[in-house]
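# Structural features, examined
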Amino acid sequence: MTDSILVLNAGSSSIKFQLFAVEGRELQRRLKGQIEGIGAQPHFTAKDADGALLIEQSYAPDEVADVPSAMAILNRWLEERLAGARPIAVGHRVVHGGPSFDTPVLVDDAVLSELENYVPLAPLHQPNNLAPIKAIRERWPGMPQVACFDTAFHRGHGELADRFAIPEALYQEGVRRYGFHGLSYEYIAQALPQVAPEVADGRVIVAHLGSGASLCALKAGRSLDSTMGFTALDGLPMGTRPGALDSGVVLYLIGHKGMDAAELEHLLYHGSGLKGLSGVSNDVRDLLASEAPGAKLALDYFAYRTAKEMGALASVLGGLDAIVFTAGIGENAPEIRESICERMAWLGITLDEAANAEGATRISRGDSRPLVLVIPTDEERMIAEHTLDCTELREAG
Ligand code: ADP
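Residues numbered from 1 in each chain as written. Predicted model: local features only at pLDDT ≥ 70, side-chain atom pairs only at ≥ 80, totals over all residues. Heavy atoms only, no water.

### Some words on the overall build of the protein
If you tally the helices and strands in the protein, you get 16 helices and 13 strands. Per-residue burial over the protein gives 52% buried out of 397 residues. Relative to all contacts within the protein whose residues are 6 or more apart in sequence, the contacts with residues 24 or more apart total 62%. Accessible surface computed for the protein: about 17700 Å², of which carbon and sulfur atoms make up 50%. Taking the average place of the 34 positive charges on the side chains of the protein and the average place of its 53 negative ones, the gap between the two points comes to 2 Å. (Helix = DSSP H or I, 4+ residues; strand = E, 2+ residues; numbered from the N terminus. Buried < 20%, exposed > 50% of the residue type's maximum accessible area, 1.4 Å probe, protein only. Contact = heavy atoms within 4.5 Å. Areas by Shrake-Rupley, 256 points an atom, 1.4 Å probe, with all protein chains shown as cover. Lys, Arg positive; Asp, Glu negative; His and termini not counted. Charge placed at Lys NZ, Arg CZ, Asp CG, Glu CD.)

As structure tokens, then:
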């Protein structure tokens, strides 16, 4: 049986997983699946590398009430599937690496307790990310586990990009502009030298447009700034989050509408963005298909705000050599790419309509500078790569 690396990405109600075979220095994806609806309508599906369904099973809510019980089911299934052979290491997506972690890290007791300290910085995500690490420690003691952070790729930001204009004491206790989607940006930065070598050392804005959305300003493959800040609420409007919002609005909602923290959290994480604006859906596919006036408004607003933030990051970079679109919307919605690029035409961008419609890698015209590219992201592969490197299990090539 070939050695394998398990990658886990646990959220509040789901665990997504992928298994990669380690073949020399290469990683081959073997399995991909998820247990969704944990505690509500648990549903387990997994497919092999060719997309063939390997399992599809529903459970009663109390059979899979939480992340640890989902992990137990997943581990049993994996052990069966691998005929008793365990993975050689497990890599985890962990949203927050706090101010100190600027690279992935092999988890030990000290690291785990440090990561627990960051729960207040990401209360909705961090506990769910840490639960599978603990579950694996119990089931497979001694298994090397690597935490890969959404924040790490941005930790090299300069002081100006890292701060809010608030008192220093708050900065010192960790209220900083961390930025997120770092594993996606790192993957794109690594892919650029092959995909478009002429811009890989240049000034690039990567637009990770999925149900969460942000931009990253890359210079020679390093992150200089990003639109997300202390939390994943800042920057671009998203499926259900508003993006940058005058903090006075929050004061108004507390002072005049009497909202408490839980109500605000619901409004800002689940009731705003494309969903709140359109009154139709948080999903761009639904909005593109809808005749409702709110749907057009929401899509126009998304493109407007994205182009506006791109202008800001072009200024941070001192010019622009390329835009890269990625994630669910960036990879699959030519209409949205076009609408954003039209608003960026002042920079010299012209789209090749046919290439854009068919989702080619290069969608700008030959004479267009900046270039416009579409590169599918692969955060799980990035985690698997880091896991191999951190555990020094990669065979010398
Ligand atoms: P996440 O991983 O954050 O859940 P994704 O990167 O998968 O998000 O993006 C999901 C979003 O991408 C969907 O909500 C939808 O708006 C958009 N999307 C996915 N496929 C398409 C498509 N074919 N056309 C337009 N939008 C799409």
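On we go.
### Focus: the site of the ligand
If you check the shell around the ligand, you find G210, S211, G212, D283, V284, R285, A327, G328, I329, N332 and A333 and nothing else. Note that an oxygen atom of the ligand is positioned 2.7 Å from one of the side-chain N or O atoms of S211. In the model, a nitrogen atom of the ligand is placed 3.5 Å from a nitrogen or oxygen of the N332 main chain. Summarising the interface, the protein chains cover 67% of the accessible area of the ligand, which totals 580 Å² for the free molecule. (Near = heavy atom within 4 Å. Polar contact = N/O pair within 3.5 Å; in protein donor to acceptor, adjacent residues only side chain to side chain.)

### Focus: the pairing of strand β3 (residues 26-36)
Strand direction decides the pairing type here: strand β2 (residues 15-23) and β3, joined by nine bridges, are antiparallel. Looking at the pairing, F20 lines up with R29 of β3. Summarising the sheet, β3 and strand β4 (residues 43-48) pair through six bridges and their orientation is antiparallel. In the sheet register, L31 faces β4, and the bridge partner there is D48. (Pairing = 2+ DSSP bridges.)

Any functional reading would require information beyond the geometric quantities listed.
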